[in-house]
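Observations on the three-dimensional arrangement
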Amino acid sequence: MTLLSGQDPTDLPGGRSRSATAWGLNALGVAVVAFWFVKNGLEQQLPAWVWVVGAVALAAWALRESGRTQRVLVVAGVVMIVAGSLTVVATDSLMVVPVIVGIVLLGANLRVPVWVAAVAAVGAVVVIAVCATVEHASVQFVLGTSGGLLLGVLIGFSRRQFRIAADRAQQAEREQQRAQLLADRSRASRDIHDVLAHSLGGLVLQLDAVEALLEAGRVDDATKRAGEARTLAADGLAEARRAVHALRDDAGPDPATAPDPAVRTSPADVPDANRASRTSGDHVPDRADLTALVDAHRSFGGTIAVQGDVTLAALDEAHRAAVVQVVREALSNARRHAPGRPVSLSVARDGDAVDVVVANPLTGGGQGLLGMHERFAELGSSATVEAERSDDEFVVAMHLPVDAVAAAEGEAS
Amino acid sequence: MSVQLLANVLIGVALVGFLGYRQTTWQYLDPARVWRTPMIMAIVGVVVLAQTSATVTTTDVVFLGIEALITIGVGLTMGTITRFRTVATPDRKGRTIQSRTGWLGASLWIVLIVVRIGLDVLGGHLGAHLLTSTGTILLVLALNRAARALVIDQRIPRGDRGDRGDRGDRTPGGRTTRGMMVR
């Protein structure tokens, strides 16, 4: 079944959409019944009205084959039942076939209430019984054809259930895809927020410094600052491009299912393309560590005390990327809310886990804190992040499992 | 024939009178059990019918079919005009939904009785003797209740605020109340 195509092969009016086999079988049925209708009719010298009504029933069956709209199909089904049941007795039960087909057609149609097929079958039984009474046919004949009609009702009901089940499966699939889309959007908005808040916030600080330096007449220092600002802007632009690219390529990072770093870089040579636009190529987003962030923070005029291994060698790619994003957000917050105050960053190996703590005096929370938690929740591992006010500092503390490969290497050395 | 006919009519009237009374008062309704009454009636009806040794004629089939059509039509109408309300205090069985069809529902029962008696008399004259058996009465009633249950099954308020849910499988508490997967 083709999902999201808006068309369900089992629920289409008929004709082209139905399988060629079904169409062929129906066409064969029309031909066979028409043949025997004519042959027996000529032998039995049927009255004119039987010829006419029987032909109408067969025509309705043929119309059902080519019918496109629901209304045509329902009308064809009703005509098959009425005209067919009128001629069942006269044609020695040959014409019960179009009646059964019509009942199946009504029963399987989801736009018709479920009881219609059963009521139509009872109506057909009444018509057949009246004809049998008039023509003195046996009651066994009537009961036998009624059994056939009951079969039609059951087949129609069964096909109806099948179509309902298919409909529901399709709907569930649609809802799941929608949920996936929303999750992707939320991740994209978070990435864009992190990147833009970091680079634009840093840019504002740099430009403030440039302005101050220019007012003080220190043109050389201002030029140096302007150069750093340009680097930061280029980095931010590259990362924004990467985020947008990841969105467009629908191969966005999904660490829970694909922790392999290859997935992150798979949106194809974007980082390489972006690196050309950088003046300082020391910070590649996909092999990120904290060095670049620490350097950037210092270049913005911030004070940062570093402790431990800022290259995060003990973590796998997905966890390292998450740590880098959270530390970037934390440093960005620190600059925004507590400019000029000292920030401490410590990376401590604790058995088979790594604790990363960023602490700075007095900041407030914002959109970024929510993003931090989401980012860690998405890892699907035991990694946790806490961001809270502790005494007179704001502390962002991360706790992450060590990458198995890195742990083995660490023990070997 | 007249004694048997009288007995059957009395049985029918007693049952229908009871059901008619229930139409005009609010009755607790268990969504999972709307199919129970028609099932029991149908089974008893078939058993009783199997014990009657009346010969079936085509006239019987004609009248039975007409009666079935009418009783199904009345049942569908009853299902459609049924009103629901949700009460705050559940009864001993934990049911909170009540239903009622009012005087229109009761008068539909009377229509059904009149049609039944009319067809009995007419069919008896034309030789449709099966029509007057007790089993047939029960089967006709079972058909009526089944048609009503079919409509009610899809109209019943699902959920705790009495809103009309479209699907039965979303009942709070995870209880599947839909008797059959129909729509």
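Conventions we followed
- Residues numbered from 1 in each chain as written.
- Chains lettered and ligands numbered in written order.
- Predicted model: local features only at pLDDT ≥ 70, side-chain atom pairs only at ≥ 80, totals over all residues.
- Helix = DSSP H or I, 4+ residues; strand = E, 2+ residues; numbered from the N terminus.
- Buried ≥ 20, exposed ≤ 12 C-beta atoms within 10 Å, placed from the backbone.
- Contact = placed C-beta atoms within 7 Å.
- pLDDT = per-residue confidence, 0-100.
- Pairing = 2+ DSSP bridges.
- Nonpolar A, V, L, I, M, F, W, Y, C, P; charged D, E, K, R; others polar.
- Axes fitted to C-alpha atoms, helices over the stretch in contact; angles between N-to-C directions.
- Parallel < 35°, antiparallel > 145°, perpendicular 65-115°, else oblique.
- Left-handed = near helix turned anticlockwise from the far one by under 90°.
- Expected span 1.5 Å × (residues − 1).
- Right-handed = clockwise from strand over helix to strand, strands pointing away.
- Core = buried A, V, L, I, M, F, W, Y, C linked by C-beta atoms within 7 Å.

**Comments concerning the overall build of chain A**
Helix and strand counts for chain A come out as 13 helices and five strands. Looking at chain A as a whole, 36% of its 413 residues qualify as buried. Counting only contacts in chain A whose residues sit at least 6 apart along the sequence, the fraction spanning at least 24 positions is 70%.

**As for the overall build of chain B**
Tallying secondary structure elements over chain B gives five helices and three strands in all. Listed by position from the N terminus, the elements making up chain B come as α-β-α-α-β-β-α-α.

**Describing the confidence of the model for chain B**
Residue and element names in this part refer to chain B. In the predicted model, chain B carries a mean pLDDT of 77, and the fraction of residues at 70 or more is 85%. The least confident element of chain B is helix H1 (residues 2–24), whose mean pLDDT is 79; the most confident is helix H3 (residues 58–81), at 89. Every residue in residues 160–183 is under pLDDT 50, and counting partners more than four places away or in other chains gives 36 contacts. Both scores are given for the predicted complex: the pTM is 0.59, the ipTM 0.73.

**Some points on the sheet that holds strand E3 (residues 97–100) of chain B**
Residues and elements named next belong to chain B. One open sheet accounts for three strands, arranged E1-E3-E2; its pairing is antiparallel. Looking at strand neighbours, the two that pair on one side only are strand E1 (27–28) and strand E2 (83–86), the edges of this open sheet. Note that E1 and E3 share two bridges and pair antiparallel. Bridging across to E3, Gln27 finds its partner in Ser99.

**Regarding the interface of chain B and chain A**
Tallying the contact residues gives 17 residues for chain B and 16 residues for chain A. Broken down by secondary-structure element, the contributors of at least two residues to the side of chain B that touches chain A are H3 and helix H5 (134–155) of chain B. The element contributing the most residues to the side of chain B that touches chain A is H3 of chain B, with ten residues. Classifying every residue of the side of chain B that touches chain A gives twelve nonpolar, four polar and one charged.

**Comments concerning the environment of Phe141 of chain A**
Residues and elements named next belong to chain A. With respect to the helices and strands, Phe141 occurs in helix H6 (residues 139–215). Phe141 sits 48 residues away from Ser93 along the chain, and the two C-alpha atoms are 8.2 Å apart. The contacts of Phe141, once residues within four sequence positions are left out, are Ser93 and Ala132.

**Observations regarding the pairing of strand E4 (residues 384–390) of chain A**
All names here are of chain A. As judged from the seven bridges shared by E4 and strand E5 (residues 393–401), these two strands associate in the antiparallel manner. By the bridge assignment for E5, Ala387 is matched with Val396. Counting the residues in the hairpin turn of E4 and E5 gives two residues, including Asp391, whose phi is positive at 55°.

**Some details on the sheet that holds strand E1 (residues 303–307) of chain A**
Residue and element names in this part refer to chain A. Here five strands make up an open sheet; going across it, the order is E1-E2-E3-E5-E4 and the pairing mixed. The open sheet is flanked by E1 and E4, the only strands paired with a single partner. Direction aside, neighbouring strands of the sheet carry axes that sit 15° apart on average. The strands that helix H10 (residues 290–299) touches are E1 and strand E2 (342–350); relative to E1, the one it contacts most, it runs at about 155°.

**Quick word on the packing of H1 of chain B against helix H4 (residues 102–126) of chain B**
Helix packing for two helices is described by the angle between their axes and how far apart those axes are. All names here are of chain B. Running from N to C, H1 and H4 cross one another at 165°; their axes reach a closest spacing of 8 Å. As the angle between them shows, H1 and H4 are arranged roughly antiparallel. As H1 runs across H4, the sense of the crossing is right-handed. Contacts between H1 and H4 involve Leu5, Val9, Gly12, Val13, Val16, Leu19, Gly20, Gln23 and Thr24 from the former and Gly102, Trp103, Gly105, Ala106, Trp109, Ile113, Arg116, Ile117 and Asp120 from the latter. Here the residues of the contact of H1 with H4 sort into ten nonpolar, six polar and two charged.

**So, unusual backbone geometry**
Residue and element names in this part refer to chain A. You will see that Gln45, though not glycine, has its phi angle at about 55°, which is positive. Mapped onto the elements, Gln45 comes out in the loop between helix H1 (20–44) and helix H2 (48–66). A positive phi angle is found at Ser93, which is not glycine, with a value near 70°. Mapped onto the elements of the fold, Ser93 is located in the loop between helix H3 (70–87) and helix H4 (96–108).

**Observations concerning H6 of chain A**
Taking 1.5 Å of rise per residue, 77 residues should cover 114 Å, and H6 of chain A covers 112 Å from first to last C-alpha, within 8% of that figure. The first or second residue beyond H6 of chain A is Gly217 of chain A, which carries a positive phi of 85°.

**A short note on the environment of Ala296 of chain A**
Residues and elements named next belong to chain A. Mapped onto the secondary structure, Ala296 falls in helix H10. Looking at Ala296, the number of C-beta atoms within 10 Å reads 24, which means it is buried. Between the alpha carbons of Ala296 and Leu232 there is a distance of 8.2 Å; along the sequence they are 64 residues apart. Residues contacting Ala296, with those up to four places away along its chain left out, are Gly202 and Leu232.

**Focus on the pairing of E2 of chain A**
Residue and element names in this part refer to chain A. As judged from the five bridges shared by E1 and E2, these two strands associate in the parallel manner. Bridge pairing in E2 links Ala305 to Ser344. Regarding the hand of the β-α-β motif, the stretch spanning E1, helix H11 (residues 317–337) and E2 is left-handed. As defined by bridge partners, E2 adjoins strand E3 (residues 353–361) across seven bridges and the pair is classed as antiparallel. Among the inter-strand pairings, Asp350 is bridged to a residue of E3, identified as Ala353. In this antiparallel pair of consecutive strands, E2 and E3, the connection spans two residues, and Gly351 shows a positive phi of 65°.

**Side note on the nonpolar core**
Soluble globular proteins tend to bury their nonpolar side chains together. In this structure, Val99, Ile103 and Ala121 of chain A are the most contacted members of the largest nonpolar core, which totals 71 residues. Those elements giving two or more residues to this core turn out to be H1, H2, H3, H4, helix H5 (115–134) and H6 of chain A together with H3 and H5 of chain B. By size, the runner-up hydrophobic cluster in this structure holds 38 residues, among which are Leu290, Val323, Ala330 and Val402 of chain A.

**Concerning the confidence of the model for chain A**
Residue and element names in this part refer to chain A. For chain A, the mean per-residue pLDDT works out to 78, and 82% of the residues sit at or above 70. Across residues 1–16 the pLDDT falls below 50, and counting only partners more than four positions away or on other chains, this stretch makes 33 contacts in the model. Confidence over residues 251–286 falls short of pLDDT 50; this stretch has 58 contacts with residues more than four positions distant or in other chains.

**A closer look at the packing of H3 of chain A against H5 of chain A**
Residues and elements named next belong to chain A. It is the contact of H3 with H5, at a shortest axis distance of 8 Å, that shows an interaxial angle of 25°. One element, H3, and the other, H5, form an angle in the roughly parallel class. Crossing geometry of H3 relative to H5 is assigned as right-handed. Residue-level contacts link Ile81, Ser85 and Leu86 of H3 to Ala120, Ala124, Val127, Ile128 and Cys131 of H5. Here the residues of the contact of H3 with H5 are counted per class, giving seven nonpolar, one polar and no charged.

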